[in-house]
Structure formats: C-alpha cells, structure tokens
Amino acid sequence: MDDNLSSSSMVTGLSQASFLQRTLERLSSTQCLKLKAEDRDAVAVIALQRYLSEQSEGHQQQHTYTYDVTVTDGVWRAKCFVHPCLNHLVHTNNLRTGTDINITQCSFVYNERRLGHGYICIERLRCGAETSVVLPRINDVSSLPILVKQGMERSVVLQSDVPLQVSRKHYLSLWNNDDPEGDIWTSGSPSSDTVLDVSKISLLSSLESSFRSSWKPLPLLVKIIHKSRLRYYGKFGLKIDYPYQAYFEVADQSGTMSLVLWNELCPEFYQRLNVGTVLYLQNYTMKQSYSCRSRPQMDHHRLKTFNSVEICLNPRNPASVITIVSPKSVLPQWGLPEVSYQFITRSELEKLTNNSACDVIGLVTFVGRVERVKRKGNKGPEKYWTYRWVHAVDGTSNHPFILEIFSSSQPEIFSCICPMTYLVCTQMRVCQVEGSLPYLTSSCETETFITGYHKGQPYVSDLRVKNFIQWTKTLKDNVVLKKTAVGGHYCYPCPPKMFTQSMADASAQVPLVAVADLKRELETLQYREHKKVAIQGQITAVQYMKTPKTTESQVTEEREVPDVSTDMCVPDTHSHPTAAEQTLSYSLRSPSAEKISAGRGKRRIQVRKATQSSLSHGGVPSKRRAGYENTEEGQEQEEKERDSELEEAQEVECHLQLQNPNQDSDVLSWESSSWLKQKHEVSEHLCQGGLYQDSISQKFTSDTKHVLLQWSNLQPTRWTPEQTADTVPPVVCPGYYQVTILGINKLIAVDAAYFPVVSADEPRAVGLPQDPHGNTMLSCLTSGFLCPLSVEANDSDATLPEPEDILATTSELEDTHVVGILDLCHLGGDKVEVLINKVYRVTEVSLE
C-alpha cells in the first residue's frame, strides 16, 4: 500500500483496494490523473453542495458559485471539488444526487496557504445511467469511512460540513439563497427557565427618544409577532463569514418595533425564534431604520408602531445576549400582547384591495412543481427565488385560493406541501388582475405551515381556523381526492385580452424579444428556471402530436454527457461552454435521428435519416444480447425485444416522416403555402423544446405520494434511502399541437407546444376566462382552451372538437402577423419546455 495513504484508509479483509482508494494512491505520484476506461468504475453522488466562489485577485470573477460533491464507491466516501468548467452540469441537473458518474480525469490540489489541507478535484466526468448501481449495495451511507490522505487526518474541512475552499465557512442551499442549509443551523434548543429580573426594563416606546443619547438601554422583554425569511447578502470581497440578516417584529405593552438579527447569530438563533416566542434582550444596539425594506401589515394588532429606529442584535461590538423565555415562565403581569391574525375566507377575497395583506387556511387540492425565477436588478452574485403554485379550498366558494408561494426559509415545509393537507399562509398579499381571478402571493414576512406543524402555533385558537376544521370534518376523502393534482405546467395569471408594450415601463410587461434573442434565452436557462417571453412572427406549420416527448435517457440504459476538458477554462467568457452547448443543440430536425459527437465541450449534431434496419438492432447493447445466447429463454426474450424494437423503429420512422412533407404520412398537420420554400431559407430552426411527461399534472393518491413529491420538488442536496428511483406513473395525454412560428424577419423559426385545457377539472382551468369561441385553431391559441369545458367527463353536451376539425381551420393563420407568449422552463438534463401561453393577432396589440 502506498505510504501516502493514511493508516485510517486501510481496509481489513479487502483483497483489492476500492476505486476511490486506488485513485487517491495514484494521485500521490502524479499531478493530474487521466483514468483509462478499465479504471473508470462508477461512483454514486450522495451530496452536492454550493457556496460563493472565492474571489480571484486581479482577475474578473468568472464563476459565481462553487460546488463540492461527495461520492462513494460503496466502500469509501470522498468529498471532492467540482472544477468550475463542470458547473453547467449542475446548472442543468445532469450532475445530481442519487445517480452514478464515471470520473475520467482528476487531480489532487494542495492548499498553499494552509498546512494539512488538500482535496481531489474532478476535472472530467461522464454522467451515467438514471438509476444508480452503487447505492442499492449500501445499507448506511453515513457509516462509510471518509477517505483522507495521510497527513490530513485532522482536516476539519474534509471531515465536517464546511466547504473545501477554506475562505468560505458554510454552504448555501443548492437552488436558492433563502433557505438555511447545513449543520450550522441550530434548531430545537431548549428555552430558558431561569428567573428573570424584569424590574428594570425598557419599553419600546422609550427607545425612540433615547436613540441618540449616550444612555445605555436597559434590557428588553418582548414577544415576536412577525418573522421574515432569511436574507443572504454575501458578495465577492465581503469579509464576513456569515452574511445573513433576518427581521422580526416584536411587541410589548407600549407598541411594536423591528428587530434585526445579524450574521453569526442567524445560524444560532433564526430557527429558534418563532412567532409567539418571548425574548429577554441585553447588549442590543439601536440604529436608524432602513426605509426601503418591506414591512408586514399590522393594523389588526391595534398597537402603536415605532418605525424610525430598529433593534440590532450583533455577534460582537457588543455581543448581544439573547434569552429565549420558556412559555411556562411567561407571566400575565408582563402585559405582552397576544399574537393576532387576519384570516379571510375565499368568499371574501374579491372584496379586498390590491396589495392588502391577509392570512389564509385551506385544504390543498393542487400543488405545482417547484420552479425558479432569477431575481431582477441584482448587481452581485446571481440569485434565484424558488416558488410553487398551490390551490386550497375552504368551502366558502366554488373557487379555490390560488396561492403563489415563494420559499419562506422553511424548506422542510415548502417541500412537503401536498394535496389533502391543511395549509396556513400568513401575511399573503392580494393581487387583483383584470380578466383573471384574484390570487395571493408571498411577502417577505410570509410563513407557511402544513399538517404536522400546526401544534403550538398561536393561530390554532383563532375562530376562523376552528370553523375551517369543523368544515373539513364534513368532507369525504375519496370525493376530495378525485379533484386533486400534482405537478405539471402551470402559469398564472392569464395574459390580458390585449397585449400592451409599455414604452415607459417595459419591465412591467412580458418582454418582447427578437427570435434571435430567444435562442440565448433558451441556452442560458438553468434547472427549473421559468421565463415568460413574447415573440412576433407568423405561424407557418401546425402538427397534432398524440404523445408528449420522452427523453433518450428514458429508453436507454446509459445516458452519457461528453467529457468536458478544463482546457476550455480561458479568461474570455464567450469561450466558456454554456449549459445549452453541453446538453442542448438547436438544429433542424428530429432528436431521434441525431448523431451526436462531442468536441471541445460542444455537441455537434449531424442530421441523417435513420433507416428501419439501422434502428431495429442498434437499441440493444451487445452485452445484454449476449446474455441470452444459446438458450430457449434467451431466444424467446430476444424475439420479444426484436418486436419491441421494431415498434420503436416504426415510431421513429413515423416521426421522421412528420419532418419530411414529401413522404406519405397520415399525421395531422398543416403548413402555410410559403413554408416549404421558407424552411430552406431560415438560418436556424429552434425545435428542441416541447411538451414532456413532466409538463402534465398527475392525479394524487396516497400510494404515489412519495414519488409525486420527489417528482415535483427540486433535486435534493443530499441523497437519502427514501429518494426512490421509481418513475412517475405515465399519464394519458389527450394530445398537443406543435406550432412552428417563423420570426417576423423570416430568419429564425421556433417550434413550441400548444397544450390546450380540455377539462374544467384541470388545475389550469381555474381562473381561466372561458368566453365561448368557435374552436378554430386561432381562437384556441388565443383562448387557451377547447370549447366548451365541462366538469362532467360524460356530459353529452360537452363534446369537444376533434383535432381534424380544428386543423381544418388553420387556413386563417396564413400570413397572419401574431405575437406569441411563450413559457420556457428547463426541466433538467436535455429537456426544455417551450409552451405557447397565448397568441395575439396584431389587432390585439397596442403601444403606450
């Protein structure tokens, strides 16, 4: 055994060292190791962690965030550094927990400024099969020893939950900056039962007058009545280890005031300070209130509000002393006010003014997938909000609450919202939108609670909460279950009847982009990022597709991402491979017929026609066929597979015929009279997006609860045995339309899917204006649904038009100038959803 391996890495009884062990041994004698094919054993990704990149002195910052990955070969665990040129694999969710990878090139990096610290840097890798072959062999991942190089056994960084780049002290949540992440965040610590001296305390009313005096404030005794989400304000060059801030509104008998928790105190106290918690505060400071921050609406508390100053709790200079008072130690004579709420019913929502605040409780019937949106006007490192749409009913209206819920620094609740749970959302803001039902969106002070988290919350004694609980006791679970759904594409509110491009405030509207810019928008999308854009042009072709797209990874044993060389890491940012260059390529034709070759980080796609003979055997790996040879069982199995493969080949051939109008095909389609000529003159045809199985919502059942929650949530930071590899049950898709829009300058075309609402039971039907229309192709694209919608599936008066009938009306699209609203969402891997939300004729477009 190599002397450079620590004694702790000796495995008694092993006749052969594991892959990670052998790799670390070999790295001792070479700076960079390129692994040969026979050495590339699979390792499973069990953790993927993110943090702000270190600033490069004298160089422009190229990479905003850095990633550490923990892998296992089933014998050892190793925390490795992901080379920044591989970051795009995380951004597109190709490198993710719960799957296997093959490391093809790595190096060992020593920290030149610190003794005894170094790590493996993964420089090239190949993403393997969807299902891990390593993880099923492991009973307890946490019990596996951590591989450490000799002399580095005492490295806290390698052994604990801190980043490999030692200038950073903690990890961020993988997909946003709002959620607490890692072991540093303390929760559930016991409160104090000590006897407090409350004879000499300050009231909040006295703090304003003594703000600028030299008098040292006396202790405070206050109750928390509102809590904000965390704010991470880290940026390059900031010399603060834990740049966090959190606001609380606190009250005593004299009124309310803001309290700010700063920096290291956030990991220690944020999750321990909740609405209703009583605090005894010493060594606090006062400062002038920050005027630009949002504030909760607190008129219902009927307390005087002091907004000119705020209380600051700091980790030092001075070090604040925070005592959490046990509820049983709180005395009535302290005069602390009760926490009050302003719950509304669904029937009252229309009466509320825009942007007013309210609290709601409801029974969840629909939960959308978690999506991300990039924060606007961000000068520092890029940041994303994470959010999901939820429907909840309370029995007072035929319509549900439509809730846009952003992450509220409660990841354990946010990820577990599902149908049939009681949901409470506080400090939601009303959004009144012309042409759509009103909806509620989160504020910075919103908190959410679901079944399992209601115990001990102050609102449980509220009369309206009690009335809601009584109503739910009259319901039958099987009846409610029929009206539930999870995931799929969902976007609200509906676009207005008239598209208006405001010259004064372009940011207030859906941005109208050039089709050439649309390509860039698609290329820069990250995992589950949602964008809404508008393009103008002409509809030149429409095809009716009976099934949504599936990805290649769903029908092959292994999906490989080409090796990415670190040679591409050059200062010129334009030379860096984008996420799309690695996983997407917008070419002229069918993905089924694409020949993919990797070269310097790009996928080059050559269009070729796949013949039936070339497809009928190529889908089965030779190693699988070999296992069946010379056996009767094998011959029968092979015949079955050949039949299956022949069917697949015929489907591919049919798809190819869709793309070639000169071949005979019974597929429903239409092309404008000029498209045959124009398609050969366009410089690019963006046709990689479309409708996927992930685009369609699923019915919720208790048996599929776990897999549906996993499917609709974001990829987790850490793998757990509960992270099932089961696939989501297939859905019956009524079909969709693939629409080709040619840009107004006739240089670039884009394919987008149109997925009309066909039933009033669909979540997308809620709040959708349902004015009757003639079911022409254009009226369907304009309205978003087929007419009429009916709740009853067997309603004989609600016969929907056939696709043939709709396509028979497409002649009105000829030479019609339109504006199309497109919803873009990156679903992970090579799946990019491009859906038509609404189409406007130019007569429905105006300038202001």
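Everything below is about the structure shown above.
Being a predicted model, the structure only gives us computed values, none of them experimental. (Residues numbered from 1 in each chain as written. Predicted model: local features only at pLDDT ≥ 70, side-chain atom pairs only at ≥ 80, totals over all residues. Heavy atoms only, no water.)

The helix and strand inventory of the protein chain stands at 17 helices and 33 strands. When the 848 residues of the protein chain are sorted by exposure, 54% land in the buried category. A fraction of 72% describes how many contacts in the protein chain between residues 6 or more apart in sequence connect residues 24 or more apart. When the accessible area of the protein chain is evaluated, it comes to approximately 39,300 Å², of which 49% is carbon and sulfur surface. (Helix = DSSP H or I, 4+ residues; strand = E, 2+ residues; numbered from the N terminus. Buried < 20%, exposed > 50% of the residue type's maximum accessible area, 1.4 Å probe, protein only. Contact = heavy atoms within 4.5 Å. Areas by Shrake-Rupley, 256 points an atom, 1.4 Å probe, with all protein chains shown as cover.)

With that out of the way, let us pick up the pattern of salt bridges. Tallied over the entire structure, the rule returns 19 salt bridges. One salt bridge in this structure joins Asp161 and Arg718, with 3.1 Å as the shortest N-O distance. Here Asp161 is found in the loop between α3 (156-159) and α4 (204-207), whereas its partner Arg718 is found in the loop between α15 (705-712) and β29 (736-743), with 557 residues between them in sequence. Residues Arg293 and Glu249 are paired through a salt bridge, measuring 2.9 Å at the closest nitrogen-oxygen approach. With a gap of 44 residues between them, Arg293 in the loop between β12 (285-288) and β13 (305-313) and Glu249 in strand β9 (residues 244-252) connect regions that are remote in the sequence. (Salt bridge = Lys/Arg side-chain N within 4 Å of Asp/Glu carboxyl O.)

Looking at the element boundaries, Asn314 is found in the loop between β13 and β14 (321-325). Judged by relative accessible area, Asn314 falls into the buried class, the value being 17%. A distance of 3.2 Å separates polar atoms of two side chains, one belonging to Asn314 and the other to Thr285. Apart from residues lying up to four places away in sequence, Asn314 is in contact with Trp262, Leu265, Thr285, Ala319 and Ser320. (Polar contact = N/O pair within 3.5 Å; in protein donor to acceptor, adjacent residues only side chain to side chain.)

Of note, Met298 is situated in the loop between β12 and β13. For Met298 and Glu249, which are 49 residues apart along the polypeptide, the C-alpha to C-alpha distance reads 9.6 Å. Look past the residues within four positions of Met298 in its chain and what remains in contact with it is Ile225, His226, Glu249, Thr256 and Thr305.

On to the pairing of strand β6 (residues 118-127), then. Walk down a regular strand and you will see the side chains alternate between the two sheet faces. Most of β6 is tucked away: nine of the 10 residues are buried. Where strand β4 (residues 77-82) and β6 come together, three bridges link them in parallel fashion. Of the residues in β6, the one forming a bridge with Phe81 is Cys121. Alignment of strand β5 (residues 100-110) against β6, held across nine bridges, turns out to be antiparallel. By the bridge assignment for β6, Ser107 is matched with Cys121. (Pairing = 2+ DSSP bridges.)

Counted under the stated rule, the structure contains 25 aromatic pairs. Centroid distance Tyr232 to Tyr244: 5.2 Å. Interplanar angle 55°. Geometry classified as tilted. In this pair, Tyr232 is assigned in strand β8 (residues 231-232) and Tyr244 in strand β9, connecting sequence segments 12 residues apart. For Tyr232, a relative accessible area of 6% translates into the label buried. When the ring of Tyr490 is compared with that of Tyr492, the centres are 6.5 Å apart and the planes differ by 15°; the resulting orientation is stacked. Judged by its relative accessible area of 5%, Tyr490 falls in the buried class. (Phe/Tyr/Trp six-rings, centres within 6.5 Å; stacked < 30°, edge-to-face > 60°.)

What follows deals with the side chain of Thr472. Relative to the helices and strands, Thr472 is located in helix α7 (residues 463-472). Residue Thr472 is classed as buried on the basis of its relative accessible area of 9%. At a separation of 2.9 Å, a polar atom in the side chain of Thr472 contacts the side chain of Tyr422.

Moving on to unusual backbone geometry. Residue Pro318 is bonded to the preceding Asn317 through a cis peptide linkage, with omega at -5°. The residue Pro318 is located in the loop between β13 and β14 in this model. Tyr492 connects to Pro493 through a cis peptide bond whose omega is 0°. Looking at where Pro493 falls in the secondary structure, it is placed in the loop between β22 (485-486) and β23 (499-501).

Moving on, we come to α7. Three or more residues of α7 are buried, namely Val465, Phe468 and Thr472. Angularly, the buried residues of α7 cover 60° about the axis, an arc narrow enough to put them on a single face. Against the buried residues of α7 lie β15 (357-367), β17 (384-393) and β19 (422-431). Where α7 starts, the residue carrying a side-chain oxygen 2.9 Å from the main-chain nitrogen of Arg464 turns out to be Asp462. (Arc of directions from axis to C-beta.)

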